[in-house]
Amino acid sequence: MSYKRILTIQDISCVGQCSLTEALPILSACGLETAILPSAVLSNHTAGFTGFTFRDLTDDMPDIEKQWEKENLKFEAVYTGYLGSTKQIGFVQSIMESSTVPGAMRIVDPAMADGGKLYPIFDMEYVNAMKPLVFGADITLPNITEACFLTGMEYKEEYDEAYIDELLQKMADAGAKTIVLTGVGFKPGKTGVMVYENGEKKYYEHDKIAKGCHGTGDVYASAFVGALMHGKDAFEAAKIAADYTVLCIENTQDDPDHWYGVKFEPVLGDLIEMLK
Ligand code: PXL
């Protein structure tokens with residue numbers, strides 16, 4: 001495997017295991033040189049704590065971009081997650097152009113909603129601004145909630161395959177290329193991932209662990225990007241990411257003190273094994 005340099009743009013939540021504190025170790029474990037661009041710095045993530053501090057780094061981005069251009073620093077892939085502001089989305093799009101080698105992979109996790117609701121700092125203006133980023137990417141990894149916000153489809157907790165087909169079609173009609181739709185379950189006790197590529201869909205089903213854990217979306221996206229850039233195809237990477245995410249939840253579910261994230265570090269060795 002060749003040594004690749006990737007850039008990931010998402011927040012630093014100092015405590016709470018999500019975004020960059022997961023992406024950096026996971027991508028590094030997958031053998032990738034990982035540059036980071038923090039979108040914001042938070043004391044902790046926004047789910048379940050009593051509050052959070054938020055330092056928006058939007059205004060630093062144009063200077064960072066200029067400096068990288070001066071140094072001729074280029075990346076072979078850019079992977080974006082939770083961003084810090086609506087204004088920032090335009091800067092991210094510009095960096096995706098100016099700081100990449102020809103043919104670089106653009107992977108966008110919309111990271112803005114779950115369970116039918118937007119995360120606290122986001123609104124419909126943000127959703128609308130995200131559309132060109134998501135639909136212009138080579139690969140996007142929405143959950144069902146995010147795909148609904150992006151397409152205007154009604155969010156449903158219970159659905160059939162026709163609903164998922166319509167959601168994928170609406171994403172594709174809006175310009176999405178490869179879609180990795182996460183959290184798709186048709187049977188009790190099961191969940192999975194639907195990968196839509198070149199008009200075809202493939203589904204990987206696995207056990208749904210009763211305890212939903214925070215930070216698993218970022219574990220999933222990071223492991224997916226790591227496996228993909230390691231040389232796996234999109235469906236293979238989607239399966240590896242799913243198996244790794246399940247391991248992370250299994251490794252955490254019996255610890256009531258660890259409510260804010262998943263203990264992904266002790267099972268990084270398993271992820272490395274899966275890549276072999
Ligand atoms: O991708 C999830 C996430 C990332 N970053 C922050 C969050 C969340 C989800 O709540 O609050 C700061």
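Conventions used here
- Residues numbered from 1 in each chain as written.
- Predicted model: local features only at pLDDT ≥ 70, side-chain atom pairs only at ≥ 80, totals over all residues.
- Heavy atoms only, no water.
- Near = heavy atom within 4 Å.
- Polar contact = N/O pair within 3.5 Å; in protein donor to acceptor, adjacent residues only side chain to side chain.
- Areas by Shrake-Rupley, 256 points an atom, 1.4 Å probe, with all protein chains shown as cover.
- Nonpolar A, V, L, I, M, F, W, Y, C, P; charged D, E, K, R; others polar.
- Salt bridge = Lys/Arg side-chain N within 4 Å of Asp/Glu carboxyl O.
- Buried < 20%, exposed > 50% of the residue type's maximum accessible area, 1.4 Å probe, protein only.
- Core = buried A, V, L, I, M, F, W, Y, C linked by side-chain atoms within 4.5 Å.
- Helix = DSSP H or I, 4+ residues; strand = E, 2+ residues; numbered from the N terminus.
- Expected span 1.5 Å × (residues − 1).
- Arc of directions from axis to C-beta.
- Contact = heavy atoms within 4.5 Å.
- Disulfide = S-S within 2.5 Å.
- Pairing = 2+ DSSP bridges.
- Axes fitted to C-alpha atoms, helices over the stretch in contact; angles between N-to-C directions.

Participant: Give a detailed account of the site of the ligand, specifying residues and quantitative values.
Facilitator: In the neighbourhood of the ligand, the contacting residues comprise D11, S13, C18, S19, L42, H45, T46, A47, Y82, Y119, H214 and D218. Contacts to the ligand include S19, whose side-chain N or O atom sits 3.1 Å from a nitrogen atom. In this structure, D218 approaches the ligand through a side-chain N or O atom, which is 3.0 Å from an oxygen atom. Protein burial of the ligand: of its 310 Å² of free accessible surface, 96% is covered by the chains. Of the residues belonging to the shell around the ligand, the class tally is 5 nonpolar, 5 polar and 2 charged.

Participant: Describe the pattern of salt bridges, and please don't skip the residues or the numbers.
Facilitator: It is possible for side chains of opposite charge to pair when their charged atoms get near one another. Across all of its chains, the model carries 12 salt bridges by this definition. Put simply, D255 and K263 hold a salt bridge, and the shortest N to O gap is 2.7 Å. Take K263: its relative accessible area is 22%, and that puts it in the partly exposed class. Between K276 and E273 there is a salt bridge whose closest N-O contact spans 2.9 Å. E273 sits in the partly exposed class, given a relative accessible area of 48%. Among the charged side chains, a salt-bridge network with shared partners connects E161, D165 and K201.

Participant: Describe the nonpolar core, listing the residues and the values that go with them.
Facilitator: In terms of nonpolar packing, the biggest core is built from 44 residues, with L7, M130, I144, I164 and L181 touching the most fellow members. Counting 42 residues, the second largest nonpolar core, distinct from the first, contains A241, V262, F264 and L275.

Participant: Provide a residue-level description of helix α4 (residues 124–135), including the pertinent values.
Facilitator: Along its 12 residues, α4 runs 16 Å from first to last C-alpha, staying within 8% of the 16 Å computed at 1.5 Å per residue. Buried residues of α4: Y126, V127, M130, L133, V134 and F135, and no others. The buried residues of α4 occupy one face: seen down the axis, they fall within an arc of 160°. Put simply, D123 is the residue that caps the front of α4, since its side-chain oxygen is 3.2 Å from the backbone nitrogen of E125.

Participant: So, the environment of S98: which residues are in play, and what are the values?
Facilitator: Tracing the backbone shows S98 in helix α3 (residues 86–98). The sequence separation of S98 and L141 amounts to 43 residues, and the corresponding C-alpha distance is 23 Å. Among residues more than four places away in sequence, those in contact with S98 are E65, E69 and K74.

Participant: Kindly report on the state of the cysteines, identifying the contributing residues and their values.
Facilitator: Covalent bonding between the sulfur atoms of two cysteines defines a disulfide. The tally for this structure, following the rule as stated, stands at 0 disulfides. The structure places no disulfide on C14, whose sulfur is separated from the nearest cysteine sulfur, that of C18, by 10 Å.

Participant: Requested: an account of unusual backbone geometry, with residues and values cited.
Facilitator: Look at S19: it is not a glycine, yet its phi comes out positive at around 50°. Mapping S19 onto the fold places it in the loop between β1 (5–15) and α1 (20–29). Under the relative-accessibility criterion, S19 is labelled buried at 2%. For A111, which is not glycine, the phi torsion reads 35° and is therefore positive. In this structure, A111 sits in the loop between β5 (100–108) and β6 (113–114). By relative accessible area, A111 is classed as buried at 6%.

Participant: Go over the sheet that holds strand β11 (residues 200–207) with me, naming the residues and quoting the values.
Facilitator: Within the open sheet, the 9 strands sit side by side as β3-β2-β1-β4-β5-β8-β9-β10-β11. Their pairing is mixed. Each of the sheet's edge strands pairs with one partner strand only, and the pair in question is β3 (54–56) and β11. In this structure, strand β8 (residues 139–140) lies alongside strand β9 (residues 178–182), joined through 2 bridges in parallel fashion. Along β9, the bridge assignment pairs I139 with T178. Lying over the sheet, α1 contacts β1, β2 (33–44) and β4 (75–80), oriented at roughly 140° with respect to β1.

Participant: So, α1: which residues are in play, and what are the values?
Facilitator: Along α1, the positions that sit buried rather than exposed are L20, E22, A23, I26 and L27. Projected down its long axis, α1 shows its buried positions confined to an angular sector of 155°, all on one face. Remark: G31 follows α1 within two positions and exhibits a positive phi of approximately 85°.

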